Amino acid sequence: ANLQNKLFDKPSEDAEPEPEDEVEMPLPDLMDTAHYFEQAGVGLGREETFRIFLALKNLVDTHTLQSVRFWGKILGTSKNYIVAEVEYREGAEEEEQGEEGEGEEDEPKDEEEGEPKEGEEDNVPQPDYKPPPVIPKEENGTGCNKKTYFVCNEPGTEWVKLPPVEPAEIVCARQIKKFFTGDLNAPVISYPPFPGTEINYLRAQIARISAGTQISPVDYYKFEEDDEDDSDGEGRDSFVENVEFEPLRNQELIDPSLSNWVHHVQHILPQGRCQWINPAVKTEAEDFDDEEEEEEREEPDEPVPEHGPPLLNPISEDSEVDSMPAWSAGLTSTHVPQ
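Remember, it's a predicted structure, so these values are computed and weren't measured experimentally. (Residues numbered from 1 in each chain as written. Predicted model: local features only at pLDDT ≥ 70, side-chain atom pairs only at ≥ 80, totals over all residues. Heavy atoms only, no water.)

Draft legend 1. Summary view of the pattern of salt bridges. Applying the stated criterion across every chain yields a total of six salt bridges. Across the salt bridge formed by Glu48 and Lys73, the nearest N and O atoms sit 2.7 Å from each other. In this pair, Glu48 is assigned in helix α3 (residues 46–62) and Lys73 in strand β1 (residues 65–74), connecting sequence segments 25 residues apart. The class for Lys73 is partly exposed, based on a relative accessible area of 30%. Notably, a salt bridge pairs Glu85 with Arg69, separated by 3.1 Å at the nearest N-O pair. (Salt bridge = Lys/Arg side-chain N within 4 Å of Asp/Glu carboxyl O. Helix = DSSP H or I, 4+ residues; strand = E, 2+ residues; numbered from the N terminus. Buried < 20%, exposed > 50% of the residue type's maximum accessible area, 1.4 Å probe, protein only.)

In structure tokens form, the structure reads like this:
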């Protein structure tokens, strides 16, 4: 109770009111959204939902955000995670990252392995194995890192910003199954070894869930008219809300063909990115270092580019799960207008 008491604190009367901007409120009415989930028999309860709403309001007050959305709740063995999906206002995230990095100092680098130390013989054989190239992460605001995520264990506790997700984390997260503990610093003991702690594993699973489960009615979103990409949607990474959208009838939304629902989040490729990158392309520095070795070593085969479903692809084309359709639709009540 003492922990959540500050959620209900009111600003002091002496504080000057903030000037009203024409910017839209970043936080939608969570209680209104929860009402519709309640009609479908899902949700967290009105009391907990309201506490989460107050916690999200505190998040808005402490960060310069353009939009905030309650992403969901993930259960853990010791504690749970409340997840918020946010978008920063233009330039706000860079300023925040700069402030966080001011107090950080460069750690001393250890001596590189493989370099002969003083006194060692020069004729010691050295392995010629080179690990596969590291796939770079996608920039903030694009692909798997298009959104930023904050988590807390319960309303009233401190919000923690999750780091950007790395492709290697997503690739490994697809191969393992682990319970969350509720401790972001807990090690992830698995095989294959996961490259990070629970904070990275949590971020990777959030990216996977978001890419596979966020859908909207067909034609609710549309591509911009001045977009020069292909008309089938491949290669596009953005869309706009269709102001001319006409809501579909309930019977159309629950049509067994499921052709009236589409994915509005990019598909994650097997590489762990939304946009494929050629790992064989080297930088100028790498080319200079490997110039002598290329003559003795055979050139590897050129990797095959990966392609996935385009943005706004119908969910009816999703693969089956254990010989069952990936999606099903139904009415929550027959006593509603059709």
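Draft legend 2. Spotlight on unusual backbone geometry. The step from Tyr191 to Pro192 runs through a cis peptide bond, and the omega angle for that step is 0°. Mapped onto the secondary structure, Pro192 falls in the loop between α5 (167–173) and α6 (198–213). One non-glycine residue, Leu312, adopts positive backbone phi at about 60°. Position of Leu312 among the secondary structure elements: in the segment after α9 (293–296). Phi is positive for Ser323, which is not a glycine, with a value near 65°. Of note, Ser323 is situated in the segment after α9. Taking the relative accessible area as the measure of exposure, Ser323 reaches 67% and is therefore exposed.

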